[in-house]
Amino acid sequence: MRPLTTTIFLFASAICFAQQNFDLTIENESLTSVIKSLSKNYNLKFSYSPRELSKHTLTKNIKAKTRAELISAIFEDQPFDLKLTDGIYLIIPNKRKVKPKSPIIGQVLDDSSGEPLAFAHVQTSSNGTLSSQNGRFNLPPTEDTLTLTISYIGYEKLELRVHPNQENLKIRMNQNPQELPEVVLTAEVDNFNPAPSFFSLNPQQFSSLPMLGETDVFKTLQLLPGVRATDETSSGLVVRGGLPSQNLILMDGFTLYNLDHFFGIFSTLNPNAINNVSIYKGGFGPRYGGRVSSVVDVAGKNGGADGFNGSAGLNMLSFNTTLKIPISRKTSALVAFRQSFTDIINSDLYQEFLTSNRQNYLESISPELNSLGLSPSLRFYDINAKVQHRFSHNSVFDVNFYVSEDNYSANYVDGDGFSEYAVLDLSDWSNAGISLNLKSQLNPQWFNSTTLSASEYKEEESLSITQTFFQDVAFVGDSIAANSALTYFNYGVESSVGDVTLKSHNEIDIDDQNIISGGIELNSLSTKYRTSQGFFEELSSAESYSDTLEIEANIVSLYGNYQFRKKDITANLGLRSSFYEPTDKWYLEPRFDLGIKVTDRFALKGAASFHHQYITQTSLSILQNSDQFYWILADDRIIPVQRSTHFIFGGNYNWDKWSLDVEYYNKQTEGIIESQFLVLPPEIIDALRLQELNLSGENNSEGLDVFLKYRDKTFTSLISYSLGRSENSFWYRNQNNPYPSSQDQRHELNFTNIIKFGKWEFSSVLLLGSGQSYTPANPEFNITNDSVSFYDLTRINQARLPAYKRLDISAKYTFNIGSLVCESGVTFFNVLDHRNIRSRKFTVRYVFGEQSEVAGASDELVVVPLDTYLLGFTPNFFINIRF
């Protein structure tokens, strides 16, 4: 806690005493301390019982013009009567004014920045709870003074004496940067927390984990059970068999629709701008909607109201800097910037990675492109900014801004004196978001958060093949002039998604056992997709095609939740109802979860919930092997509204330094569409054009998540294991029989260790996973029957890639240079250099008869695999400086 604040503010008020103006801020002070300060600073005299007065505390902002108004305001709502006799104020207890017992209500904050600390441990000798996402907590009423113990990862543990009926308690905690980040992944923690499938992360506490480039929030989330980690080139989260597009990603209130920098090696969120990350893997409450799989809610850092400070970092791929800027006593700002320099310094390793990924993509479009030597280049940057103003201890307003952009280009040029042949491959994508948040503690029981936000994601992609002639060229019946270009193929796509949201959320603590919450959310969404294609057949004949699809939709959502909470049981019953304009329908989503503390060490938990999603991602490309997916709003005809049902049951057990969490889940999702349209039968394509058929299908995912954790002061070990099954079924595929989805992975094991020796921290991550599914080649495909797909559509995703194996290790050293705190380290990614395959696709190549070793062989069209490999052994060096 801070030193006594009442005396400071009363002393400041004494300066204005001659003008009889009083402006006091009293925070968590006993009435005894307040009266002593008044006596000292204003020469006032009081007569009272110290024993009675010390039982009561005061938190209040007071503005008064006279001493009488000041004293009256201090004792307003207090169980005392005041009587002025011979210049002495008599303070007389009045039992009729004693308030009924009320719960202990407070908020846990960072002492330097004032940021709320979400999911901090708040405990008494007989009760315990976790602070909410806004740092708030509620404990049962007490008749006696008690001791609160507050702990939070990376902060000094705090013990605080609290008086009965204390409300609006502000608890400020000091950071302890030298403390071991002993809970790198915080699951259902040692206090009783019944929330199923919930994890909370503090980015600063997993900075020692081996990462590509730098600390990455979403790469760390991929180490959790139920979140697939066997693809280091994607920051999108595959959660319990769901698609990345089925996750709701929020950053300070606005929605993000893409998470990839550098084709997935980095996530788009700068860890230096993040204060806390919460993930709900399923069964989430009615506060969140619009997605059918999971929720990731990211809370950004605030500026430094206590003084200017910042940090800077450098690694082998990018550099970053963060500044916390105090503007006034109540206003602060934060700016974080990050940019790659791979467009300036290109290592062979990342050149190989980019070439491998895009070369296979190009060859899948045209077999003739398989021998090109591409020269790829990629750069990215992102900016986070935040300005926060505190109107009072109970009211905070902030403005958040975010933008990120990636630019990729690759070209191949070959020629002679006659002509030049060129291939140009371009891809740009960008995110932008802004939010205005007002958070107010309207009274000790009522909290309100109102957010106005807007976000946009844009993507542009193009591929062109041209030939420029340096001399006049004559053809039969036609000619080409010198320095003219002939375009053989030109393909382009532009897509975007926009989101404007207004949301008001309320929480009301009726008492220590009953809490109601709810609100309203208004969304305005828009998607746009434009494609164009041109190709050359003869000199005098060229064909082109273009199409544009634009959809807009408004959504109105109302939601409410009732929570019942006692020492050994917590239950939530909620309902969300949304009106989706394009279908002119209301969609109901009941939600329920329950937690029961069976013993001091063992607890059970479960959830059942319904969810809907009105926007999805699919491949609208005409290219059979396209990896590009675009957002599109549902119309409930071609693109259906998705609906999922979650069932979760599990428990956690804690003993000594160990904790074990186990959950079974079953998730059924209706209204999915194929993420890639492979090849459809002609009769289905004709019906699709007439909008007579809905191509929706179903997904059924179930599995078991196991999370085992051991920790002490210098060593933390985490084991997460996922056993899962994810299957799709479509009426026009595989005779409507289920088949493995592209997200299906039966087994995944993550073994993470962190150990500290003085200023050194060492960590390792071992990942083992069963191979991904893929559709094998069609053995019946040949040159005379090329209308048949070269994929075997009778065995969709029935084949498996080799198992995934990867070991990463890292070391970090912390030291000081004057007032600077420095961290330097090295990471070795994929130490064993195992050649993991990301995906396997197929294309066709011509093998001419004269190339065959068989005598008399004829020309034939051969189906060949296209394997995209993940990263091999990758070293990385980093240094970070805090000032």
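First, a word on scope: everything that follows refers to the structure included in this document. (Residues numbered from 1 in each chain as written. Predicted model: local features only at pLDDT ≥ 70, side-chain atom pairs only at ≥ 80, totals over all residues. Heavy atoms only, no water.)

A tally of helices and strands in the protein yields seven helices and 50 strands. Within the protein, the proportion of its 883 residues that are buried is 54%. If you take every contact in the protein between residues at least 6 apart in sequence, the share linking residues at least 24 apart comes to 66%. In the form shown here, the protein has an accessible surface area of approximately 37,600 Å², with 55% of it arising from carbon and sulfur atoms. (Helix = DSSP H or I, 4+ residues; strand = E, 2+ residues; numbered from the N terminus. Buried < 20%, exposed > 50% of the residue type's maximum accessible area, 1.4 Å probe, protein only. Contact = heavy atoms within 4.5 Å. Areas by Shrake-Rupley, 256 points an atom, 1.4 Å probe, with all protein chains shown as cover.)

As a further point, take the sheet that holds strand β14 (residues 247–251). Spatially, the five strands line up as an open sheet ordered β13-β18-β19-β14-β15, and their pairing is mixed. Where the open sheet ends on each side, the last strands, each with one partner, are β13 (198–201) and β15 (254–255). Of the strand pairs in this sheet, β14 and β15 are connected by two bridges, and their pairing is antiparallel. Within β15, the position partnered with M251 by the bridge is F254. (Pairing = 2+ DSSP bridges.)

Turning our eyes to something else, we now look at the packing of aromatic side chains. Tallying each qualifying case throughout the model produces 23 aromatic pairs. An angle of 65° between the planes, with centres 5.6 Å apart, marks the rings of Y587 and Y614 as edge-to-face. On the criterion of sequence distance, the pair formed by Y587 in strand β33 (residues 585–597) and Y614 in the loop between β34 (602–613) and β35 (615–618) is long-range, its members being 27 residues apart. On the basis of relative accessibility, which here comes to 4%, the residue Y614 falls in the buried class. With centroids separated by 4.8 Å and ring planes inclined at 55°, the aromatic side chains of W658 and Y710 adopt a geometry described as tilted. One end of the pair, W658, is in strand β38 (residues 658–672); the other, Y710, is in strand β39 (residues 697–711), and 52 residues separate them in sequence. Look at Y710 and you get buried, because its relative accessible area is 19%. Following the ring pairs from residue to residue traces out a cluster consisting of Y653, W655, W658, Y710 and F715. Directly above the ring of Y869 sits R835, whose terminal nitrogen or CZ lies 4.3 Å from the centroid. (Phe/Tyr/Trp six-rings, centres within 6.5 Å; stacked < 30°, edge-to-face > 60°. Lys NZ or Arg CZ within 6 Å of the ring centre and 35° of its normal.)

Below, the discussion takes up the sheet that holds strand β7 (residues 121–123). Within the open sheet, the four strands sit side by side as β8-β7-β10-β11. Their pairing is antiparallel. Since the sheet does not close on itself, it has two edges, and those belong to β8 (128–130) and β11 (158–162), each with one partner. For this sheet, the mean angle separating the axes of adjacent strands, direction not counted, is 20°. Of the strand pairs in this sheet, β7 and β8 are connected by three bridges, and their pairing is antiparallel. In the strand pairing of β8, V122 is matched with T129. (Axes fitted to C-alpha atoms, helices over the stretch in contact; angles between N-to-C directions.)

Below, the discussion takes up unusual backbone geometry. Positive phi, close to 50°, is recorded for D252, a residue that is not glycine. Mapped onto the elements of the fold, D252 is located in the loop between β14 and β15. For N797, which is not glycine, the phi torsion reads 55° and is therefore positive. Counting through the fold element by element, N797 comes out in the loop between β44 (773–774) and β45 (799–800).

All right, on to the nonpolar core then. Judged by nonpolar contacts, the single largest core of 33 residues is most densely connected at F218, L221 and V296. Mapped onto this core, the elements with two or more residues apiece are β13, α5 (217–221), β14, β18 (274–280), β19 (294–300) and β43 (760–769). L221 has contacts with L201, V227, L237, V277, I279 and V296, leaving out every residue within four places of it along the chain. Membership of the second largest hydrophobic core comes to 30 residues, among which are L212, F380, L525 and I639. (Core = buried A, V, L, I, M, F, W, Y, C linked by side-chain atoms within 4.5 Å.)

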